[in-house]
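Chains, contacts and geometry: an overview
Residues per chain are reported as follows:
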Amino acid sequence: MNAAAGNSDAPQGDSRLRYVLRIADTSLVLAQRLGAWVGHAPAIEEDLGLANTALDLLGQARLFLSYAGELEGRGRSEDDLAFLRDEPDILNATLAEMPNGDFGDTIVRQFLVDAYQVELYERLAASTDARLAEIAAKAVKEARYHVRYSASWLVRLGDGTDESHARVQSSLDRLWPYTQEFFDADEVDRAAAADGAGPDLAELRAAWSSRVDAVLAEATLARPRDLAYRWYGKQGRHSEHLGHLLSEMQYLQRSHPGAGW
Amino acid sequence: MTAAVVRPDGATAVARARAVLAGVPDPEIPVISVLDLGIVRDVVADEDGTVRVAVSPTYSGCPATAVIRADIKAALEAAGFGKVLVRDVLSPPWTTDWISAEGRRKLAEYGIVPPPAPAGGGCARPGSETGVACPRCGSLDTEVLSEFGSTPCKALHRCRACREPFDRFKCI
């Protein structure tokens, strides 16, 4: 893990750029994670569900990354940004990079991110940043489908057998601490909120909480306590897992620069 | 719609281009055209013969989007349009309410349950996704097998009466 948030190549100067990259990278990294389920999910319906969600997230990431490339103004394409940035320059929320684990781990991670993206995109659809607004207006329709899927599975697992309940509660306990990062506003988040480009994170947290609480209650799962510790993937400080993910995701462009089909 | 038609036969050119687009199939559901699908937002013919087509993607990550763009360009070029420019329009986002009546009919005929017609409230109508009739036997005794089907735009259902699975075009 790198101590410094970004290196000399990192676009530190532009707060909006960093804000957009955070949104883009969370979808990008989660799409990559979900893609690894293809051919491995418990049933073909789940294979399709996770793969389709991955596809939507990748599509969203592409739109946000293309916009980020324009904001940066250095001629970098969505592909350059996805495949040629190093770990400290990737600004996804840490939760997105958590390993797939078992199906329950994946569903918990997915539900927590889906609930966040629905609330975030609903607000970004009214952003003063027209590009963010139009991408979010499109993406929120997809996110609503995603959360319907992940929430219904969380309820089935939580309110299922003793075994499924215990395992998914333990997944929730393990992954919950990473959600704090969503709502811990730093200067990038505050600048976006001040411009009306992004939501106020305290308000976002309240909306996310009530959505999450309703599903947890139905799933008979206990909401874990919030910890004081914070992760800061959104500042480029990641868990040990992201580097491994990137080495796989970026392999082709690193080994065969400019390869295409 | 901004019909920036300058030359006298511009309207004709747009009509001709639209006729070509009516023959461009969706790559994943070839029974309907890109016009039926409601993704062609605008067709404009410039005075120099350039035709500009604005297209809305169905889903952000739909792999067919790039193919559709290429197909539209190729079809118009083959029809004699000298310069064809296809651009994406995200806003307002595409909705299944934009699928034409003809498109709905063709989907149903093909065995894919179309989204509800906008006249009846479309996808905004509560319960628009329940009570889906089986396209084979017409029974309303059907269930959702998977919210996600073989393409991003479809969900998989099953009829409890005739036991056949079927696709439904998702409301979005």
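What comes next concerns the included structure. (Residues numbered from 1 in each chain as written. Chains lettered and ligands numbered in written order. Predicted model: local features only at pLDDT ≥ 70, side-chain atom pairs only at ≥ 80, totals over all residues. Heavy atoms only, no water.)

1. Focus: the overall build of chain B
The criterion, for reference: Under the DSSP-based scheme used, a helix requires at least four consecutive residues in state H or I and a strand at least two consecutive residues in state E, with every element numbered from the N terminus. Burial classification: accessible surface area is computed with a 1.4 Å probe over protein chains only, and a residue below 20% of its type maximum counts as buried, one above 50% as exposed, and the rest as partly exposed. Residues are treated as being in contact if the distance between any of their heavy atoms lies within 4.5 Å. Here the open area of atoms and residues is found with the Shrake-Rupley method and a 1.4 Å probe, where only the protein chains shown may cover a residue. In this charge count, Lys and Arg are treated as positive and Asp and Glu as negative; neither His nor the chain ends contribute. Lysine's charge is taken at NZ, arginine's at CZ, aspartate's at CG and glutamate's at CD.
Looking only at helices and strands, one finds 3 helices and 7 strands in chain B. Traced from its N-terminal end to its C-terminal end, chain B shows the element sequence α-β-β-α-β-α-β-β-β-β. Viewed in the frame of its principal axes, chain B has a C-alpha envelope of about 60 × 30 × 25 Å. Burial status across chain B gives 48% buried among its 172 residues. Once local pairs closer than 6 in sequence are excluded, the contacts in chain B between residues at least 24 apart make up 52%. For chain B, the exposed surface amounts to about 7,700 Å²; the carbon and sulfur share of it is 56%. Of the charged side chains in chain B, 20 are positive and 20 negative; the average position of the first set lies 2 Å away from that of the second.

2. Regarding the sheet that holds strand E7 (residues 165-169) of chain B
Residues and elements named next belong to chain B. Quick reminder of the rule: By definition, two strands form a pair when at least two bridges between them are found by DSSP.
Read from one edge to the other, the open sheet built from 4 strands follows the order E4-E7-E6-E5, with strand pairing classed as mixed. A strand with exactly one partner marks an edge of an open sheet, and here the two such strands are strand E4 (112-113) and strand E5 (142-146). In this structure, E5 lies alongside strand E6 (residues 154-159), joined through 4 bridges in antiparallel fashion. Bridged to Val-144 within E6 is His-157.

3. As for the nonpolar core
Formally: Put simply, buried Ala, Val, Leu, Ile, Met, Phe, Trp, Tyr and Cys residues joined by side-chain atoms within 4.5 Å make one nonpolar core.
Core analysis: the largest hydrophobic core is formed by 79 residues, its most contacted members being Phe-111, Leu-112, Tyr-121 and Leu-154 of chain A. Considering each element in turn, this core owes the most residues, 14 residues, to helix H6 (residues 130-158) of chain A. Val-53, Leu-76, Cys-153 and Phe-169 of chain B belong to the second largest nonpolar core, which has 31 residues in total.

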